[in-house]
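Next come the chains, spelled out residue by residue.
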Amino acid sequence: NVPARAADSWLPLYFDELRLRLPKAQTAVLRRAVFCTFATMLWYNAELLLLCSGERQCTQQLFEVWMKSMDLASRLADRKIFMLGFVRLFQLGCSQNLPASVIAGLPHLVQQLVAQSREIIRLRVKGGGAGEGSEDEDSDVDEDKLARRLQISSQKPGEDANDDGDDDDEDEDE
C-alpha cells in the first residue's frame, strides 16, 4: 500500500508514459491495459487525472479515443474498471466544474454507463464471473433473462419481482 500523497505524485508520471504509449500500442491487449489504467487513475483521483490531461491539452482527444475503444473491454473485470472510472467522472460532474471538453461529452458518458451496466449484467447472467469470454461467445445470452435481471435490480428492496402493485390478492377473500 502506498500513501495517497506518494501515489498522487506518481500519477502525472504514469499518465505521461501511458499517453505516449497509447498511439504506439499495436495489440488490443496493450490498448485495453492502457485504458484500464486510465480508468483506475480516474477512479482513484479524477481531479488529478483531469488536471494532467488539461495541462497537456489532450482531455478531449483522450476521451474520444477511449469511447471509440470501448469494445476492447470484453472481460467482466475490464468492464467493471471502466464503469468505476466513469462513475467517478459522473460524480465529479454532479459536484464540481468540469473542463468544457468533458462537459460536452457527459451525454455520451451517461450512454456508456448504461451500456456498460447492461454488459456487466449480461456477463454476470451468463455466468461470466471470471470474465474471460470474448464478445462473440457472449452473444447467446437469453434476452428475457437479462430483462428480468434488470427489472429485479431496479426494484426497491423488499418489493416482490412479480408484484404488480395491486393489493387485491385472491387469498385475502378467505
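Residues numbered from 1 in each chain as written. Predicted model: local features only at pLDDT ≥ 70, side-chain atom pairs only at ≥ 80, totals over all residues. Heavy atoms only, no water.

Novice: An account of the overall build of the protein chain is requested, with residue identities and associated values reported.
Specialist: The number of helices and strands found in the protein chain is 8 helices and 0 strands. Along the protein chain, helices (α) and strands (β) appear in the sequence α-α-α-α-α-α-α-α when read from the amino end. Put simply, the protein chain shows about 11500 Å² of open surface, and 50% of that area lies on carbon and sulfur atoms. (Helix = DSSP H or I, 4+ residues; strand = E, 2+ residues; numbered from the N terminus. Areas by Shrake-Rupley, 256 points an atom, 1.4 Å probe, with all protein chains shown as cover.)

Novice: Please set out unusual backbone geometry residue by residue, giving values where relevant.
Specialist: The phi dihedral of Q57 is positive, around 55°, even though this residue is not glycine. Its relative accessible area of 73% is what places Q57 among the exposed residues. (Buried < 20%, exposed > 50% of the residue type's maximum accessible area, 1.4 Å probe, protein only.)

Novice: Which residues make up the packing of helix α1 (residues 4–21) against helix α2 (residues 28–44), and what values go with them?
Specialist: Their axes nearest at 11 Å, the elements α1 and α2 cross at an angle of 150°. Overall, the two elements α1 and α2 adopt an arrangement that is roughly antiparallel. Along this stretch, α1 crosses α2, giving a crossing that reads as left-handed. Counting all contacts with α1, which are made through A4, A7, D8, L11, Y14, F15, L18 and R19, the residues of α2 involved are V34, T37, F38, M41 and Y44. By residue class, the composition of the contact of α1 with α2 is 10 nonpolar, 1 polar and 2 charged. (Axes fitted to C-alpha atoms, helices over the stretch in contact; angles between N-to-C directions. Parallel < 35°, antiparallel > 145°, perpendicular 65-115°, else oblique. Left-handed = near helix turned anticlockwise from the far one by under 90°. Contact = heavy atoms within 4.5 Å. Nonpolar A, V, L, I, M, F, W, Y, C, P; charged D, E, K, R; others polar.)

Novice: Break down the packing of α2 against helix α4 (residues 59–68) for me, with residues and values.
Specialist: Packing of α2 against α4 brings their axes to within 11 Å, and their N-to-C directions diverge by 120°. With respect to α4, the axis of α2 lies oblique. Here α2 and α4 pass one another in a crossing that is left-handed. Residues F35, F38, A39 and L42 of α2 lie in contact with α4, whose contacting residues are L62, F63, V65 and W66.

Novice: Could you give an account of the nonpolar core, with specific residues and numbers?
Specialist: In terms of nonpolar packing, the biggest core is built from 37 residues, with F15, F38, F63, W66, F82, F86 and L89 touching the most fellow members. Looking at this core, the elements that each hand over two or more residues are α1, α2, α3 (46–55), α4, α5 (76–95) and α7 (106–126). Tallying contributions element by element places α2 first for this core, with 7 residues. If near-sequence neighbours (up to four positions away) are discounted, F82 is found in contact with F35, C36, A39, W66, M70 and A73. (Core = buried A, V, L, I, M, F, W, Y, C linked by side-chain atoms within 4.5 Å.)

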